[in-house]
Amino acid sequence: QVQLMESGGGLGQAGGSLRLSCAASGSLFRINHMGWYRQIPGKQRVLVAKVTGAGSTTYLDSVKGRFTMSRDNAKNTMYLQMNMLKPEDTAVYYCNVNVYSQVQMRSDDYWGQGTQVTVSS
């Protein structure tokens, strides 16, 4: 089992910055990929940023150049630094990891509890 605990988020202003954190604990034998998603009411969850086990990172087009995903392996924590915020960045943000379990011999997705980000104009 893997547990993800998100922190950060809250209220930001257009042009400002916020940082999200996601601390992982539990059975982290092999992380296939990790990422951040966001969701607004009535819409599907959308990938914002993702890094593979090989270190390749991809971003949603609308956040490229503004958001940066990073990770601290020693702390099993990943971050999403959000700069130049826009009102359209308002959403609930979720962290995600896909982890391979030696015991179950399969990979599973795990999700954080979600954190609200609201950007005022």
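Right above here is the structure, for reference.
Computed from a predicted structure; not experimentally measured.

Engineer: Describe in detail the pattern of salt bridges, supporting the description with residues and values.
Structural biologist: Should the charged atoms of two oppositely charged side chains come close, the side chains can pair. Tallied over the full model, the rule gives four salt bridges. For Asp89, the salt bridge is made with Arg66, and the minimal N-O distance between the two is 2.8 Å. Linking Asp89 in the loop between β8 (77-82) and β9 (91-101) with Arg66 in the loop between β6 (57-59) and β7 (67-72), this pair joins segments that are 23 residues apart in sequence. The pair formed by Asp89 and Arg66 is uniform in burial state, with each residue classed as buried. When the shortest N-O distance is used, the salt bridge between Asp108 and Arg106 registers 2.9 Å. Looking at Asp108, the relative accessible area reads 18%, which means it is buried. Bridged by salt links that share partners, the residues Arg38, Arg66 and Asp89 form one connected network.

Engineer: Which residues make up the pairing of strand β11 (residues 115-120), and what values do they have?
Structural biologist: Residues Thr115, Val117 and Val119 of β11 are buried on one face, while the alternating residues Gln116, Thr118 and Ser120, pointing to the opposite face, are not. Alignment of strand β2 (residues 10-13) against β11, held across four bridges, turns out to be parallel. The residue bridging Gly12 from the neighbouring strand is Val119, located in β11. Here β9 pairs with β11 via three bridges, running antiparallel. When the sheet's bridge partners are listed, Tyr93 is paired in β11 with Thr115.

How each quantity is defined
- Residues numbered from 1 in each chain as written.
- Predicted model: local features only at pLDDT ≥ 70, side-chain atom pairs only at ≥ 80, totals over all residues.
- Heavy atoms only, no water.
- Salt bridge = Lys/Arg side-chain N within 4 Å of Asp/Glu carboxyl O.
- Helix = DSSP H or I, 4+ residues; strand = E, 2+ residues; numbered from the N terminus.
- Buried < 20%, exposed > 50% of the residue type's maximum accessible area, 1.4 Å probe, protein only.
- Pairing = 2+ DSSP bridges.

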